[in-house]
Structure formats: structure tokens, C-alpha cells
Amino acid sequence: MNGHILLNDPLNHNPFDDALKDDELALSGVADLGHVVEPGAIDISHGTILYLEDVTVSFDGFRALNKLSLVIDAGELRCVIGPNGAGKTTMMDVITGKTAPDSGKVFLGQTLDLTRMNEPAIARAGIGRKFQKPTVFEQHPVWENLELAMKADKGWFATLRARLGREAQAKIEETLEVIRLESDARRLAGELSHGQKQRLEIGMLLMQKPQLLLLDEPAAGMTDDETMELATLLNRLRGTCSMMVVEHDMEFVAALAGETGRVTVMAEGSVLAHGTLEDVKREEAVIESYLGR
Ligand code: ADP
Ligand code: MG
């Protein structure tokens, strides 16, 4: 079976561009599972968007991830907290294909084995990643930043090429509204505040229509107001995509998790505790390793 059927942009493949991908997908055995998945769709028929089981990553014998297991439901906004060095960023590196695990399973939905895919293929499959530092095109207006981000996604752009004007414009306007930068659309991105740049970068990720958004300490360096505005933005994105947010700022985490949202506490490369924020804050191990006395 041709593995292409599981990719994001099946209509728009240059076979020479992607010569490797066929092999990767053929290796992944996805065809054996017998699911009929719509081309480009992630199979969330079991309610899971991300599945990690016993993932281990060693750097020169040091285990940055140590049998890490974690499941994220489709549509969930999961907060991950934990001390420095717990392996949070390494976990995101594994999910996005930047780091290959020594062992363990990493699946997007039921069928996509991320350990068999490279970084571009994983991004195309629908995982967007926000790094700590905003990376926007400073010399370009906000509007153009979103336009460029859309063009970077071959499939979406190609589909719209014939009728780019209106639909693309509508998507950009919708995104500007979501990130609350409507009135800054014509300003140069370089003139924005740190918080606005962070929101713009999230907007750029949204232009690629991710199914799962990974955000690594997105509130770092933000003022309190900017932090709360970011929390409002992420809460508004619920239902649009699943999210995993790594963060230290406990007020921010509280604003995202609410009373019922699940929070994962990592330490020393695995899950130390899991539950509502109130639950995990009460756990002795969490108090000792992370929250302090
Ligand atoms: P966190 O994001 O939770 O602070 P990291 O995932 O960045 O933790 O790091 C986990 C551990 O792995 C740390 O001890 C870090 O020094 C180590 N580490 C991370 N990346 C590398 C690397 N490329 N080479 C060697 N050690 C690394
Ligand atoms: Mg980190």
C-alpha cells in the first residue's frame, strides 16, 4: 500500500521531494492496522491524539527520558509542569522528530508512528511547535507574517492557489481575530511587544492548521497581563486543536487547567504525578521535587 494516503497533502506531492517518506511510512507498518482513514486525517477514533509509552532517551548514558508514558485525548489542553531538567523539552523533541528515542512508542492518533517519521513529515502530519523565543519575520507586517506562514504549508496553499484571494484573506482575518492583533495587521512584526510577537507566532502556527500544538514555556518573559492574555487565547483555541503546554508560571497553568483540566508533573524523565492541579499540588512527591516547601 502506498503510505502517502496518511499524509496531510496527498494531492500535492512532488515525488522527488519526498522520496524518503515512502520508505519511512512503509516501514511504519501503518497499513497493517486495517483502519480506513481519510487521506490526511489523523485517526482519533479511540479518542487519543498523542500516545507515548515507555519512551527512553539517553545522552551519553544519562537518561533524559526514562520510560515516559503519557496519553493526550483528542481536543484536550494538557499542561505539563516539572523542575528544570525534568525532560519536558526533550519530550517535545521526541514528539516532533528532532530526537530519536532509544526505545518506546510515540503515536499520533491510532496509526502514525512518529518514531518512523522525520521532522518535516511530522509537521505535515499536523503537529505544530512553539519554541520559547518568538520567531517572526520582523521586517514584514503582521499580515504578511500570517500569509507567509500559510504559504509555507504546501498542501493548503496549493489547494487554494486558484482562488487564493478571498479564502486566504478570510483565514488571515479570522486568525488575526483569534490572536487579537486585528488593529496591528499593518504594523511591522518587529514593532510588536514580546507578548504580541508570541501571539503572532501562535497565529503563524495556526495558519498551518495543526491538529496538535506543542508550546514550550510560552509565557516566559511575559508581563502578567501578557501572560493572562495568552491564557485567554489558548482557552479560545480549545476545540480547534489539541494542545500540550509546558509552563512554570503556576497562575498561567491554573488559568489553563481550571478545576478539572489534567496536569502532568514530570521529574527525572518520567511522570511523577498526574491529575487536576489541586490534586498534584497536594502530592508529597511533587511538593518535594518541584513546588518547594
Ligand atoms: P526541561 O525542559 O524539563 O528543563 P530538558 O529536556 O531540556 O529538561 O533536559 C533534560 C535533561 O537532559 C537535562 O539534564 C539536560 O541537560 C539533558 N539534555 C537535554 N538535551 C541534551 C543534549 N542534546 N545532550 C545532552 N544532554 C541533554
Ligand atoms: Mg525545557
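Residues numbered from 1 in each chain as written. Chains lettered and ligands numbered in written order. Predicted model: local features only at pLDDT ≥ 70, side-chain atom pairs only at ≥ 80, totals over all residues.

Labelled according to an unreviewed UniProt entry, the chain appears under the name Cobalt import ATP-binding protein CbiO, originating from Paraburkholderia hiiakae.

Visitor: Sorry, what's going on with helix 8 (residues 224-237) here?
Guide: The periodicity of an α-helix, 3.6 residues per turn, causes residues three or four positions apart to be oriented the same way. An ideal rise of 1.5 Å per residue puts 20 Å on 14 residues; helix 8 measures up with 20 Å between its terminal C-alpha atoms. Along helix 8, the positions that sit buried rather than exposed are Thr 227, Leu 230, Ala 231 and Leu 234. What you see down the axis of helix 8 is that its buried residues fit within an arc of 105°, all on one side. Of the exposed residues in helix 8, the ones pointing more than 90 degrees away from its buried face are Asp 225 and Thr 232. For helix 8, the secondary structure elements touched by its buried residues are strand 3 (77-81), helix 7 (194-206), strand 8 (242-246) and helix 9 (250-257). Looking at the residues trailing helix 8, positive phi occurs at Gly 239, about 95°. (Helix = DSSP H or I, 4+ residues; strand = E, 2+ residues; numbered from the N terminus. Expected span 1.5 Å × (residues − 1). Buried ≥ 20, exposed ≤ 12 C-beta atoms within 10 Å, placed from the backbone. Arc of directions from axis to C-beta. Contact = placed C-beta atoms within 7 Å.)

Visitor: What exactly am I supposed to notice about the site of ligand 1 here?
Guide: Contacts to ligand 1 come from Phe 59, Ala 64, Gly 82, Asn 84, Gly 85, Ala 86, Gly 87, Lys 88, Thr 89 and Thr 90. The biggest single contributor to the shell around ligand 1 is helix 2 (residues 88-95), with three residues. Within the shell around ligand 1, the residues separate by chemical class into three nonpolar, six polar and one charged. (Near = placed C-beta within 6 Å. Nonpolar A, V, L, I, M, F, W, Y, C, P; charged D, E, K, R; others polar.)

Visitor: Looking at this model, I keep getting lost on the environment of Met 204. Mind explaining?
Guide: Looking at the element boundaries, Met 204 is found in helix 7. Met 204 gets classed as buried once you count the C-beta atoms within 10 Å, which come to 26. In sequence terms Met 204 and Thr 135 are 69 residues apart; their C-alpha atoms lie 9.8 Å from each other. Ignoring any residue separated from it by four or fewer positions in sequence, one finds Met 204 in contact with Asn 145, Leu 146 and Ala 149.

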